[in-house]
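Structural overview for review
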Amino acid sequence: MSDDSRPSPAPTRTAAVIPAAGRGVRLGPGAPKALRTLSGTPMLIHAVRALAASRAVSLVVVVAPPDGAAEVKSLLDAHALPDRTDFLVVPGGESRQESVKLGLDALPPGHDIVLVHDAARPLVPVDTVDAVIEAVREGAPAVVPALPLADTVKEVEPAAAPGDPEPVVATPDRARLRAVQTPQGFDRATLIRAHETVTENVTDDASMVEQLGLTVVVVPGHEEAFKVTRPLDLVLAEAVLARRRLNDGF
Ligand SMILES: Nc1ccn([C@@H]2O[C@H](COP(=O)(O)OP(=O)(O)OP(=O)(O)O)[C@@H](O)[C@H]2O)c(=O)n1
Ligand SMILES: C[C@](O)(CO)[C@H](O)COP(=O)(O)O
């Protein structure tokens with residue numbers, strides 16, 4: 001059989017799960033974090049657009065605040081989003097991990113690659129999204145974008161009571177440390193197995209895959225993929241959007 005007569009492999013289809021069900025306690029009082037606005041547009045819509053900007057992403061599953069699924073559906077309907085992308089909204093859970101699991105449970109068959117992306121990282125550039133997808137396509141079961149650290153990090157003995165001093169235990173070699181972002185990308189079956197297997201609460205999905213004994217691959221992250229966590233992050237996000245408007249000439 002000549003090469004030309006071989007059936008071409010089925011194209012890999014990518015879905016994104018966007019956990020957006022957090023309250024945003026560290027941001028202070030107000031609406032759930034994902035529904036707060038940046039330059040007049042809800043943070044969640046920025047995040048959805050950032051993922052849907054990748055031509056590889058054909059489905060986005062938004063995990064809404066538990067009592068906010070109807071509001072999130074209305075927001076998606078009210079904002080311009082690419083026609084090539086399908087959208088689903090499901091209510092989230094008590095923890096990020098539970099919310100991601102609820103998003104995974106809602107995924108229809110037919111998507112071999114799954115991205116998990118925080119709504120709280122609304123400004124991730126599409127090149128970062130595509131780099132994660134590409135690394136999964138090349139065979140990595142799990143991929144995380146990450147950056148080197150700007151600060152020296154100390155390991156401490158946590159204070160026994162509030163206000164107690166925290167003695168330093170160690171200074172890890174910074175050259176071996178990375179600050180991990182999202183979207184994190186996975187072979188779908190691996191991510192589902194990780195969520196079925198790991199029961200302890202963890203802060204990212206890749207660490208669940210590490211617990212399966214599989215290798216997680218790092219690709220370069222991006223400064224603009226920072227997480228909006230505290231009030232000053234809102235100032236930075238507005239500044240990034242203003243710079244983009246300037247660069248786009250409007
Ligand atoms: N029960 C939860 C908690 C968090 N998240 C989502 O997980 C992402 C990362 O979480 P984080 O930034 O910690 O958000 P919050 O939990 O909202 O923040 P905080 O801890 O300050 O309350 C966010 O997009 C958030 O909406 C979620 O879907 N479900
Ligand atoms: C997934 C994550 O954004 C990677 O940096 C991070 O772990 C989320 O942590 P948080 O405690 O929910 O902010």
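Structure: above.
Residues numbered from 1 in each chain as written. Chains lettered and ligands numbered in written order. Predicted model: local features only at pLDDT ≥ 70, side-chain atom pairs only at ≥ 80, totals over all residues. Heavy atoms only, no water.

The next point concerns the site of ligand 1. Among the 18 residues in the neighbourhood of ligand 1, the closest are listed as Pro19, Gly24, Val25, Arg26 and Ser99. At 2.9 Å from an oxygen atom of ligand 1 is found a main-chain nitrogen or oxygen belonging to Gly22. Contact distances for ligand 1 include 3.1 Å between a nitrogen atom and a backbone N or O atom of Glu94. Calculation on ligand 1 without its partners gives an accessible area of 570 Å², and the protein chains cover 86% of this total. (Near = heavy atom within 4 Å. Polar contact = N/O pair within 3.5 Å; in protein donor to acceptor, adjacent residues only side chain to side chain. Areas by Shrake-Rupley, 256 points an atom, 1.4 Å probe, with all protein chains shown as cover.)

Looking now at the site of ligand 2. Every residue close to ligand 2 is listed here: Arg26, Arg96, Asp118, Arg121, Val180, Thr182, Thr203, Asp204 and Lys227. For ligand 2, an oxygen atom lies 2.8 Å from a polar atom in the side chain of Arg121. The contact in question runs from an oxygen atom of ligand 2 to an N or O atom on the backbone of Val180, over 2.6 Å. When isolated, ligand 2 has an accessible area of 360 Å², and the protein chains bury 75% of it. Considered class by class, the residues forming the shell around ligand 2 number 1 nonpolar, 2 polar and 6 charged. (Nonpolar A, V, L, I, M, F, W, Y, C, P; charged D, E, K, R; others polar.)

A few words on the pattern of salt bridges. Considering all chains together, one arrives at 7 salt bridges under this definition. Residue Arg244 is joined to Glu224 by a salt bridge in which the shortest nitrogen-to-oxygen separation is 2.8 Å. Placement of the pair is Arg244 in helix 7 (residues 231-248) and Glu224 in the loop between strand 12 (216-220) and helix 7, with a sequence separation of 20 residues. Using a relative accessible area of 28% as the deciding quantity, one classes Arg244 as partly exposed. By sharing partners, the salt bridges in this structure join Arg96, Asp118, Arg121 and Asp205 into a single network. (Salt bridge = Lys/Arg side-chain N within 4 Å of Asp/Glu carboxyl O. Helix = DSSP H or I, 4+ residues; strand = E, 2+ residues; numbered from the N terminus. Buried < 20%, exposed > 50% of the residue type's maximum accessible area, 1.4 Å probe, protein only.)

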